[in-house]
Structure formats: structure tokens, C-alpha cells
Amino acid sequence: MISDLALTRKEVGLLSPANRGRIKGIIQAGKNLNKLVSVAPAYINLDPTWRCNFTCSGCVDGRVVSRQGQYHVDQAVDLDWNVCQDLINYAKFHGVYGFVVQGGEPLLYNKIDDFLLACRASEIILRLVTNGTQIISHGESLVSTFSGTASYLRVSINWDSAHYDQHTGSKNSLRQVLTGIEFLAQRGIRVVVSSVVFGRKAEEYGLPVNIDQMGDIVSLVRSSGASRLYLRPGKVPSTQAMIPLSEAELANLESFDEDKGLEVCLPDFSQFRQADLPQNKDYPFCPTSFFRIVVGPDAGIYACTSHRGVPAARLAQIQPGQTFTDVWHSVERVRKQLQFSPVQHCRDNTCDKHRFNTLVIDAREEFERSGSSTLLDNLCLSINSPAVLRF
Ligand code: SF4
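Given the structure is predicted, the values throughout are model-derived calculations rather than measurements.

## Details of the overall build of the protein chain
Along its length, the protein chain carries 17 helices and 11 strands. Within the protein chain, buried positions represent 41% of all 391 residues.

## A word on helix α4 (residues 81-93)
With 13 residues, α4 extends 19 Å between its outermost C-alpha atoms, agreeing within 8% with the 18 Å of an ideal straight helix rising 1.5 Å per residue. What α4 keeps buried is the set Val-83, Cys-84, Leu-87, Ile-88 and Ala-91. For α4, the angular spread of the buried residues around the axis is 140°, confining them to a single face. Summarising the contacts, the buried residues of α4 are in contact with β1 (43-46), β2 (98-101), α5 (112-121), β9 (292-295) and α13 (324-328). Two residues or fewer past α4, Gly-95 is found with a positive phi of approximately 65°.

## Side note on the pairing of β9
Two faces belong to every sheet, and in a regular strand the side chains alternate between them. In β9, alternate side chains face the same way, and those of Arg-292 and Val-294 on one face and Ile-293 and Val-295 on the other are all buried. Note that β1 and β9 share four bridges and pair parallel. Each residue of the ladder has a partner; that of Asn-45, found in β9, is Val-294. Relative to strand β10 (residues 300-302), β9 runs antiparallel, the two sharing two bridges. Its bridge partner lying in β10, Val-294 is registered against Tyr-302. Remark: four residues form the turn of the hairpin made by β9 and β10, two consecutive strands paired antiparallel; Ala-299 in that turn has positive phi of roughly 65°.

## Points about the nonpolar core
Within the largest apolar cluster, 87 residues are counted, with the highest numbers of intra-cluster contacts made by Ile-44, Leu-87, Phe-99, Val-191, Val-221, Tyr-302 and Val-360. The residues that make up this core include at least three from each of domain 1 (1-30 + 351-391) and domain 2 (43-274). Among residues more than four places away in sequence, those in contact with Leu-87 are Ile-44, Leu-46, Val-295 and Phe-324.

## Points about the environment of Val-218
With respect to the helices, strands and loops of the structure, Val-218 is situated in helix α9 (residues 214-224). Overall, the presence of 22 C-beta atoms within 10 Å leaves Val-218 in the buried class. The sequence separation of Val-218 and Ser-195 amounts to 23 residues, and the corresponding C-alpha distance is 9.2 Å.

## Regarding α5
Looking only at α5, the buried set comprises Ile-112, Phe-115, Leu-116 and Cys-119. On an axial view of α5, the arc spanned by its buried residues comes to 95°, and they lie on one face. Residues of α5 that are buried sit in contact with α4, β2, β3 (125-130) and α6 (139-146). Note on α5: the residue one or two positions beyond its end, Glu-123, has a positive phi of about 55°.

## With respect to the pairing of strand β4 (residues 152-156)
For β3 and β4, the ladder comprises four bridges, and the chain directions are parallel. The residue of β4 that forms the bridge with Thr-130 is Val-155. Between β3 and its parallel partner β4, the chain crosses via α6, and the hand of that crossover is right-handed. Note that β4 and strand β5 (residues 191-197) share four bridges and pair parallel. Bridging across to β5, Arg-154 finds its partner in Val-192.

Basis of the calculations
Per chain, the residues get numbers from 1 upward, laid out in the order the sequence is written. Owing to the predicted nature of the model, reporting of local features is limited to residues with pLDDT of at least 70; listing and counting of side-chain atom pairs is limited to 80 or more, with chain, interface and lining totals taken over all residues. In DSSP terms, a helix is any run of H or I states spanning at least four residues, a strand is any run of E spanning at least two, and both are numbered starting from the N terminus. Neighbour counting defines burial: a residue surrounded by 20 or more other C-beta atoms within 10 Å of its own C-beta is buried, one with 12 or fewer is exposed, and intermediate counts give partly exposed, using backbone-placed C-beta atoms. One fewer than the residue count of a helix, multiplied by 1.5 Å, yields its expected span. Picture the helix axis, draw a direction to every C-beta atom, and the arc is the one those directions span. Any pair of residues counts as being in contact when their C-beta atoms, constructed from backbone geometry, are within 7 Å of one another. For two strands to be treated as a pair, DSSP must find no fewer than two bridges joining them. A set of buried residues qualifies as a nonpolar core if it consists of Ala, Val, Leu, Ile, Met, Phe, Trp, Tyr and Cys joined through C-beta atoms within 7 Å. Note that the domain bounds reflect an automated or database-derived domain assignment. Note on handedness: a crossover is taken as right-handed if, strands pointing away from the viewer, the path from the first strand over the helix to the second is clockwise.

Structural measurements only, silent on function.
Right, dumping it as C-alpha cells:
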């Protein structure tokens, strides 16, 4: 039963009223490529660069980030500015709800100030995830872009001061990060911090444990002036599966719930439960990839954040002289998207959109059979969340 489903926060966001037209478009198009072509993505995960100045332990994007993966550290891998401007125009005129800007470290992008200000001028909502080391260098643009909007930044701090350099591969940068947060907070910019929590079980995957550092991390974040701290469950880099915490570890986190003015948001427990759900992904294509896509600095359009830089998940490539519209609204892209097989390519991945995908596929089959889609209509009506851009 739909009502029994524990949807993830991302799935609730995908089912929000703002997306209903898109969802219906996919369901009613069935296998008609010409109809599927017209559905614009709702969210774009935009990676303007895959360069990073850190070498963090347990980085889930280590496959593409320049210091470890297929690109050598000193090769510039930055998105062509013409492609970037075109994406901003596309988002503005096609009802794209916003950009989740990640990478790599996005504040290292060679056109980051121009990008931020252009997004602000076009009223595009941003969620920008940064390691925080470059905030002061781009302080003016960040303040102009993020003040008085629904956009906000998220700074990752995963280690306390005693372990920070060791696990980020940097020297003395925690001070820079905290100074950057203070700078923004003093100017009224909403900054949230996230910490990925690695409990003792992380050791089984060769990852460092930080659960005992949480008290110090909470104190650092509180003193920086950030408004909120999200504690997020650690993931196995190769499969994205959540690493569970023990009851005692969860109880330890709960003790930070209210921390002297800092709002501490505990891990979404449904995210832990999803690790136990069947992840057979026996749907013929991935519906989520019609709504939320990744555009990489190589101008490739990828099916999902779990497959950044993976050739099989590259739905299309924006070639020099082409626009995003040329590429996205093309039969070739849809054909490639329908050929991308979750059973084959996501078999080992824990997918946090699994139930959404199953529902859309079931609703599509129901529509084919009966000419209506009560399954999804009912679910959409039961979810009243506004369009929310989730990191
Ligand atoms: S993991 Fe696979 S099935 Fe899940 S959203 Fe990503 S591409 Fe789609």
C-alpha cells in the first residue's frame, strides 16, 4: 500500500505539486519518444568543476574528483562558461526549480563569481555544497547571491580540530572554514553545516570513525554562527549504502538535538531502514533521471549523482556550439535514457529514489492498461510539500 511507504525526503520532493505535470507527462507518454522529449528536468545537479583541494577520507565522489580519479590533479576540469550561461537561461525559461551545485569543490570553478551573480539575476534557487575553504575569497559574490533568497549554502565539516587535517589532506584549513562561516553569518546569510557521521561499523569498510568527535564538531559549528547542523549517515563510497549506527550511537547523537541555539537535525531514520529494503530495480528505465540530472564539468549529462562521470550513465553530451535544449529535447537523448538499465548499472547501488521509480513505473503500466493513473494521483494528492530543492 502506498500509505505504508516510508518515502525518503528526496522522494517527497520529487512528488511535490510543482512536479505533477512532469510526472503525468512521463506516465501518459508511455513509450512515445516524441512525447517524452518535451519533459524538462525539474532539478539540475550542476558540478561546475571536479577539481578539489581536499582528499577527504570516505568521499563519495572520489571517482570523478580530480585528485583521485580519471583526471589528474593538475588538469583543469571546469565547465565551459558558454555551457554554464546556457544552462542558466534554460533553467530560467523552462521552470527548472533550481541547481544543486556540488563537484569537486564548486568555489574553485574559474567562473564561480560570474556564475553566482548570473544565478541571482535570473532568480535561480541554489543549494551550494562547499568545503568552505574558499568562502572568504568569494565573500562579496556569496553575500550578493545568497542574501534575502531561498538559496543557501551547506558547508561540510566532518572532523574535529584534532583530526581535520589528517582526514581532509589539508593543512590548517579548519580555521579558514570557520572564519568563512562567521563572515557569512555576520552578514545575515543562512549557512547550514553538515557532518557525515561514521559510527564504528564504518571500520568494516575501511573508513575512519568520527562518532566520538561529534561533541567537538557541534561546539565548533555552534561557535561559527551557522544556523543549523545536519548530521547525515555515512555511506559506503562504492555502493552509496548507508552505514548503520548502533542504538547507543544514535542515542549519543540525540543528546545534541537542542544545543544552545544551534538546531541539530538528526539523521533521517528512514534512510537507515532503506538499506534493508529490496533494491532489485527491476524497472525498465530510471524515471528519476527524467526529473533530476547531473551536468558535469565535461558538459556530459548523467543519469544520477551515483553515476557521475560513468560513460554508461551519460545520457547525452553537449558538444561545442550546441545548447542544452538541442541535446535534452532530442529523441537521441530519450532513446539513450530508456536504454540505461538500472538493473544492470545500479545493481550494487542503494538507491534513495527506488520507491519513487517503482511508483512511476507502476502508474505508467496502470495508465497503459486503463487510461488513468489513480495510483500516482492518490499519492501526489497525499503529499502537500512545496517544491523543495534537496541536497
Ligand atoms: S541509482 Fe540508478 S535507479 Fe537510482 S536514481 Fe540513480 S540511476 Fe536511477
